[in-house]
Amino acid sequence: MNPFEEKPKSVEKALQNWQQLYPKPYNKREIDPYTKTRIILMNGTEFEANWFSHQFARHVDDNDLRRDLALTRYVEKQQQLKISLLKPENESILEHTIAYEQLAVDLTAELAKRELDCDVKTALDFALLEDFDHLYRYANLLEMQQGIAAEWLVGRYTEIMPGRPTISHHRYPMDNVKRSINAKTSDVQTVLSTMIITAAEQQTMNYYMNVTNFANCDLGRKLYQEIALVEEEHVTQYESLMDPNATWLEMLLWHEYCECYLYWSCYMTETNNYIKGLWEENLEIEISHLHKAVELLKKYEGKDWQEVIPCGDFPAPISLHENIDYVRKILGDTVQYTSKRENYVKVSSLPKDADFFRFQDVINPDVRIVPSHCVIEEFIRRRGADYRFQVAPSPIPELRNRRQDNTSVGRKPDAADSTDFFCNK
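First, a word on scope: everything that follows refers to the structure included in this document. (Residues numbered from 1 in each chain as written. Predicted model: local features only at pLDDT ≥ 70, side-chain atom pairs only at ≥ 80, totals over all residues. Heavy atoms only, no water.)

## Overview of empty space enclosed by the protein
At step 1: One pass over the structure, following the stated rule, counts six cavities of 30 Å³ or more.
At step 2: For the largest cavity, the calculated volume is near 70 Å³.
At step 3: Residue lining of the largest cavity: A49, S53, L69, T72, R73, E76, L252, E256, H289, K292, A293 and L296, and that is the complete set.
At step 4: Of all the secondary structure elements, the ones that give two or more residues to the lining of the largest cavity are α2 (33-57), α3 (63-84), α9 (248-269) and α10 (273-301).
At step 5: Lining of the second largest cavity is provided by T45, E48, A49, M195, I196, A199, H255, C258, E259 and L262.
At step 6: Where the lining of the second largest cavity is concerned, the elements lending two or more residues are α2, α7 (188-211) and α9.
At step 7: For the lining of the second largest cavity, a count of residues per class yields six nonpolar, two polar and two charged. (1 Å grid on protein atoms, 1.4 Å probe; cavity = no way out; pocket = protein on both sides within 12 Å on 5 of 7 lines; lining within 4 Å. Points joined across faces, edges and corners; volume = space filled by probe spheres on them. Helix = DSSP H or I, 4+ residues; strand = E, 2+ residues; numbered from the N terminus. Nonpolar A, V, L, I, M, F, W, Y, C, P; charged D, E, K, R; others polar.)

## Notes on α10
Working note: α-helix, 3.6 residues per turn, so residues spaced by three or four point in the same direction.
At step 1: Over its 29 residues, α10 runs 41 Å from end to end, which matches the ideal 42 Å to within 8%, given 1.5 Å per residue.
At step 2: The N-capping residue of α10, defined by a side-chain oxygen 3.1 Å from the backbone nitrogen of Y274, is N272. (Expected span 1.5 Å × (residues − 1). Polar contact = N/O pair within 3.5 Å; in protein donor to acceptor, adjacent residues only side chain to side chain.)

## Comments concerning the state of the cysteines
At step 1: Going through the model one piece at a time under the given rule, you end up with one disulfide.
At step 2: Between the sulfur atoms of C118 and its disulfide mate C423 the distance is 1.6 Å. With C118 in helix α5 (residues 118-146) and C423 in the segment after α13 (371-383), this residue pair connects regions lying 305 residues apart in the sequence.
At step 3: On the basis of relative accessible area, C118 is assigned to the partly exposed category, the value being 29%.
At step 4: Just so you know, C217 is unpaired, no disulfide at all, and the nearest cysteine sulfur is the one on C374, 12 Å from it.
At step 5: Sulfur of C311: no disulfide; nearest cysteine sulfur belongs to C260 and is 15 Å away.
At step 6: Overall, C311 belongs to the partly exposed group, its relative accessible area being 40%. (Disulfide = S-S within 2.5 Å. Buried < 20%, exposed > 50% of the residue type's maximum accessible area, 1.4 Å probe, protein only.)

## Quick word on α9
At step 1: Taking 1.5 Å per residue, 22 residues should reach 32 Å; α9 reaches 31 Å between its end C-alpha atoms and fits that length.
At step 2: Burial runs high along α9: 18 of the 22 residues are buried.

## As for the environment of R114
At step 1: Its place among the elements puts R114 in helix α4 (residues 93-114).
At step 2: Here the alpha-carbon distance between R114 and E30, two residues 84 residues apart in the chain, equals 31 Å.
At step 3: With sequence-adjacent residues up to four places away left out, R114 is seen in contact with Q189, Y261, A316, P317, I318, S319 and N424.
At step 4: A distance of 3.2 Å separates the side chain of R114 from the side chain of Y261, its partner in a polar contact. (Contact = heavy atoms within 4.5 Å.)

## A few points about the pairing of strand β2 (residues 343-346)
At step 1: Note that strand β1 (residues 337-340) and β2 share four bridges and pair antiparallel. Opposite T338, over in β2, you have V345 as the bridge partner.
At step 2: Linking β1 to β2, which pair antiparallel, is a turn of two residues; within it R341 sits at a positive phi near 50 degrees. (Pairing = 2+ DSSP bridges.)

## Thoughts on the nonpolar core
At step 1: If you look at the biggest cluster of nonpolar residues, it comprises 116 residues, and the most contacted ones within it are I98, L107, I160, I196, L253, W254 and Y257.
At step 2: Among the elements that line this core, the one with the most residues is α5, at 15 residues.
At step 3: Residues within four places of L253 in sequence aside, it is in contact with F4, L290, A293, V294, L297, W305, V308 and I309.
At step 4: Counting six residues, the second largest nonpolar core, distinct from the first, contains V347, L350, A354 and F356. (Core = buried A, V, L, I, M, F, W, Y, C linked by side-chain atoms within 4.5 Å.)

## Quick look at the packing of aromatic side chains
At step 1: Counted according to the given criterion, the structure contains 25 aromatic pairs.
At step 2: Ring geometry for F4 and Y257: centres 5.7 Å apart, planes at 15 degrees, overall stacked. You can see F4 sitting in the segment before α1 (18-21) and its partner Y257 sitting in helix α9, a full 253 residues away along the chain. For the pair shown, F4 and Y257 are each scored as buried.
At step 3: For the pair F52 and W248, a centre-to-centre distance of 5.4 Å together with 35 degrees between the ring planes defines the contact as tilted. With a gap of 196 residues between them, F52 in helix α2 and W248 in helix α9 connect regions that are remote in the sequence.
At step 4: Since its relative accessible area comes to 11%, F52 is described here as buried.
At step 5: In textbook terms, an aromatic cluster arises when at least three aromatic residues are bridged by ring pairs, as seen for F4, W254, Y257, Y261, W264, W305 and F314.
At step 6: The aromatic ring of Y267 is capped on one face by K276, whose charged end is 4.2 Å from the ring centroid.
At step 7: Above the ring of Y172, the side-chain terminus of R358 is found at 5.3 Å from the ring centroid. (Phe/Tyr/Trp six-rings, centres within 6.5 Å; stacked < 30°, edge-to-face > 60°. Lys NZ or Arg CZ within 6 Å of the ring centre and 35° of its normal.)

## A word on the environment of A57
At step 1: By the element assignment, A57 lies in helix α2.
At step 2: Sequence separation between A57 and D119 is 62 residues, and the spatial gap between their C-alpha atoms is 32 Å.
At step 3: With near-sequence residues (within four places) excluded, A57 lies in contact with R66, L69 and R73.

Encoded structure:
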C-alpha cells in the first residue's frame, strides 16, 4: 500500500462526539494477547505523534502553521483516548503491565529480525534482554499478589524467565546515547523502526511513571520505580538513533507516515473484528493527516514528499507473534554485555574504574535493597522457587537456579559466557 496515493478526507471530518469516542472495551478473559499488545503500541504511537506536535508548536512562531498543527493534534488526542479506553476497568494495572512487557519483547524481536542497519539491530537486541527480564519480575509480583499466572496472559507465546538481570540494567546515563541514522540514506524500514521502538518504549516509561504510586504495596511501588528508570535509559538509547538533522516538517511527514504504516499493519494482522474495524477507521484518519503534512511541507519548505520519503510503498506489515527461539539466541549470545558510549561491550572488558561500575556502586550499593531482586527473593521465600514459564532450560546455566536470584550476570566480569551480537547483512 502507498498512502500517498490514497484520496484523503479533510482532517476535520475525523472529529467525534462523546458517544463515538467511547469504545467497547475488550473482554480480558477472551482477548488475544497480541490484540492487547497492538492496542498498547497504537496508544504509544498516538502519544508520540501528539507530543511531537506540541514540541513543534513550541518551536515555531507562525500562527497559521500552529493552527494547522493544533487541529491535527486534537484529532490525534481523540484517537489516543479512544484506543486507551479499550482496556477494561476490571483489568488491573499489573495485569496490563504484563501486556506492556510482552509487547516490548515481541515487537523488539520482530524489528530486530528485519533490521539491516547493524547499529540499530544491536541496540534492539541489547534492550530486548532487559525487557525480557522485566516481564519475569512483574510476572512473579503478579502471581505473588493476585495469584494470576502470567503465562496465560501472554498466551504462552512468550517465555517468562530471567533475562539480563534488572540489577545490571542501571548504566551511567552517558553510556545510553548512540549513533544516529541518516533518514535520507537509510532504508525506510530502518527509519520506521527507530520511530516505532522509541514511541513504544516511551509509552512504557510513561505508563510506569504514572502508575508507580498506584501500586498497592511497597514491593510493587519499588519495582515500578526501578523499571521506570530503566525505561528512561531505553528511551534515551532509542531516540538517539533517530535522525536529528531532519527538519520539523520532514519529521512531521515521517510521523504521519509511520502512523499510517502501523495502523495498516494492525489492520492486516488483527484477529478481532471489532478492533480490526477501529484500525481501519484510524488508518483513514491518518491518511488525511499524512496529506496535510505533505501540504505543509510544500507550503513552508517548498519540498515534495518524495524528497523526504522517496518511495511511499509500505514495507511488509509489522506482525506481533512468538519469538521464543530468537530471544533464546540473543540471551545465549549477549547476556554478559553492557553499554559503553556508542558501543556495547562485555563487562569483562571494562576497567575497574569504568563509569558502569561507578554508577552501579551509586545505585546498587547493596543488592538487598534492589527492588527487582527483592521481588524474586520474596517469592522464593514464600514458595520455595521462583515463577517461570519455559519451554526448555535457560540457555544461560547461571540463570537456571530457581531457588536463588542471580545478581551477577551482566554486572560482574565473567559471570557468564557470551559470544557477540550478529547483523542481518
